[in-house]
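What follows is the residue order along each chain.
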Amino acid sequence: MDFAPNEDQIALNSALEKLASKFTSPPTDFRQFNLYSEELDQQLELGGFFDAAEIPELGPVSAAMMTEQLARLPYAVESALSMLIKPQLKGDWPRPYAVVDNGRPSRFAKQAKTLIIIEKEQVGIAAAPSEAVESVDSLFAYPMGKVSQKLEYTPLPKTEANKIRVWMRIALAAEAAGLLQAALNAATEHLSIRKQFGRPLGSFQAVQHRMAECTVLAKGVRLLALKAAWSEDAGDAALAALHAQESATRVVYDLHQFMGAMGMTLEFPLHLWTYRLKALLSELNGRGGQAQAVATHCFA
Amino acid sequence: MEFNWTQQQQEFRATVREFLEKNLPENWESIAHGPGSATQSEFSKQFCGQLAEAGLLVPHWPQAWGGRDADAWSAFILAEEMWAAGEPRGGQYMNVNWIGPTLMRFGSKEQQQRYIPPMAKGETIWCQGFSEPEAGSDLASLRTRAEKSGSDYIINGQKIWTSYAGDADTCFLLARTGSGKKAISIFLVPMETPGITVVEIPSLIGEGDIHEVFFENAKVPASAMLGEEGEAWDIVRKALSLERVGIPRFALASRILHRAVAQLKVQCRFHLGAIEQSARAHAACEAARLFSYEIIDQRQKGIIAGAEASVARVATVNAERAVAEFVVEHLPETLSGGDPLLLAHHQRGIVAGIASGAAEIQLNLIATQLIQLPREPR
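J.: Just checking my understanding: could you explain the overall build of chain B for this structure?
T.: If you tally the helices and strands in chain B, you get twelve helices and eight strands. Over its C-alpha atoms chain B spans a radius of gyration of 21 Å, differing by no more than 12% from the 21 Å that the globule rule assigns to 378 residues. Oriented by its inertia axes, the alpha-carbon framework of chain B measures out at about 70 × 50 × 45 Å. Across the 378 residues of chain B, 51% fall into the buried class.

J.: Help me understand the overall build of chain A, please; the structure alone is not making it clear to me.
T.: Looking only at helices and strands, chain A features nine helices and nine strands. Taking 2.2 N^0.38 as the reference for a compact globule, 300 residues should give roughly 19 Å; the C-alpha atoms of chain A span a radius of gyration of 19 Å, in line with that estimate. A principal-axis box enclosing the C-alpha atoms of chain A has dimensions of 65 × 45 × 40 Å. Counting over 300 residues, chain A shows a buried share of 51%. Residue pairs in contact within chain A that sit at least 24 positions apart in sequence constitute 68% of those at least 6 positions apart.

J.: Would you mind going over the interface of chain A and chain B with me for this structure?
T.: Note on interface size: it is often stated as the accessible area lost on association of the parts. Listed per partner, the contact involves 44 residues of chain A and 36 residues of chain B. Top contributing element to the side of chain A that touches chain B by residue count: helix 6 (residues 205–231) of chain A, with 16 residues. By residue class, the composition of the side of chain A that touches chain B is 21 nonpolar, 16 polar and seven charged.

J.: Explanation requested: the packing of helix 3 (residues 59–71) of chain A against helix 6 of chain A in the structure shown.
T.: The packing of two helices is summarised by the inter-axis angle and the distance between the axes. Residue and element names in this part refer to chain A. Interaxial distance between helix 3 and helix 6 falls to 8 Å at its minimum, and their mutual angle equals 150°. Put simply, helix 3 runs roughly antiparallel to helix 6. Along this stretch, helix 3 crosses helix 6, giving a crossing that reads as right-handed. Of the residues in helix 6, those touching helix 3 at Pro60, Val61, Ala63, Ala64, Met65 and Glu68 are Arg222, Ala225, Leu226, Ala229 and Trp230. Within the contact of helix 3 with helix 6, the residues separate by chemical class into nine nonpolar, no polar and two charged.

What counts and how
- Residues numbered from 1 in each chain as written.
- Chains lettered and ligands numbered in written order.
- Predicted model: local features only at pLDDT ≥ 70, side-chain atom pairs only at ≥ 80, totals over all residues.
- Helix = DSSP H or I, 4+ residues; strand = E, 2+ residues; numbered from the N terminus.
- Rg over C-alpha atoms; globule rule 2.2 N^0.38 Å.
- Buried ≥ 20, exposed ≤ 12 C-beta atoms within 10 Å, placed from the backbone.
- Contact = placed C-beta atoms within 7 Å.
- Nonpolar A, V, L, I, M, F, W, Y, C, P; charged D, E, K, R; others polar.
- Axes fitted to C-alpha atoms, helices over the stretch in contact; angles between N-to-C directions.
- Parallel < 35°, antiparallel > 145°, perpendicular 65-115°, else oblique.
- Left-handed = near helix turned anticlockwise from the far one by under 90°.

And the structure:
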């Protein structure tokens, strides 16, 4: 048991941090729902970061760490599926990826070159013809797209489909961990500066305790996601995704509440993390779906 | 980053489990009413003696004091297995976790010779004289006084909610020795000292668990003081940093959860609501487990955990609560003469957020030290 990243992971994290450093603030006068960066995507591609999980010294834990790190940025980029799902797929399916769940609008569908299709109990894979996907205006702070025509896809055999579901859960939890932490950091900054009744809002115990509870949840999601990436276990993955969706519900509400009216505006970019968390809430059948998976894999 | 157990750690856990299997009586679960019960206290003396003989009572202590210098992981694996089994060491887990190590670090030679060997043999029970009617979380406001009188101290005052006091041989007592807020000292007080009266407080948590302890002109020699006068605060802070993740409550909570789910399944009562609630409770247990392991990893590397230990503690309280609430909602018969171990867990669960510092104090520490929110003006 060793909770410290190894030397390779430290080097990778610092290389990623360096690359991400110019993407840590939204553009001045940003007032949009969604912030996507093609430039960041290209730089990650050029730097070989999407292939890191396939290097034996790094593996999926490093990929989960990078996913968490990138999710903290205000700029969205499809990284979780590329880093965590791609190594599990047979065949060379180009990134970016998007998951189309029973025809609903999905994150990065318009950017995706490969679609993972969920239809009822079946999981399949398809090339993504861009003419078959329409962009959708959305509150979710991700670029959202909807498949507008019937797509032919290759159904995956059951064992492979189950494995992909495990990695989708891990990807969701790792991404949520970064979003939760970034949202908390943004709120912490506000609570330390904004004064009411003559003192910073963050000095009121009523606020402190809720922030502390949210921190415990966010850090728990991170550890469960990393553990699941390490064990590759279906039960661990379900627990991580469940804790992520459970925590997101609580944290998103609390953080907007702490921001007061400022949290309702697009000036303060909290929504870039919180509305992305809202997008993750319903994925993979939401909390009920994860709970069923926990029952199947942990209470057999 | 690795989450695996070494071969040696797996073997050690197997050894502890085997020992428990062999040495716990068949009716153990029905007598495991709580670490403070008379049956369990009595049993703990026999059981801890057997543990000591097998080298499993204080393996993490130095060889000079009966241990074998085992690492922090061994100590925690041992604690997990014991707590998950219903804590057959009774109140002696405190000796093993922090009282012994605190005496090794701060005790005089005489104190060490007198008190540590009986702990290492599993023969003695201690209680912790901290809380008072007017000093719970605000421990610094305690009023019990120890007045110097020649070469002795005369102690007057009252302690309350003291676990194991009814069976304890010695009290690790905090008393005021001066007028300043922090003029507090520690005394190692034999409970047979004239002037000490112990009264059990009937409680929700189990038989014989908490007490009032009255000190009326109880005289102890100056040599009973641990460390220097006024040094209590520093010593206690260091001692309790071991205790914050001292009890792996998630280990029993997780075992109880699995057992409750198994019982519901057999009775075809594991329906949607139960599935969702049990899954949430399981995630809470596993989060608490990982937080605790993270602290042990730091301890093993010689890093003193700060507010991260409070995160582990709060997560453990969440886990304990989630499991207790699951059981009471879906297996309510537990509280009316049902499975005794499930009942014992439910009773002890409410202690999780109170003992070793209220959970709200941990939240304060997380907010100000970890998140670094501005402090509340005082």
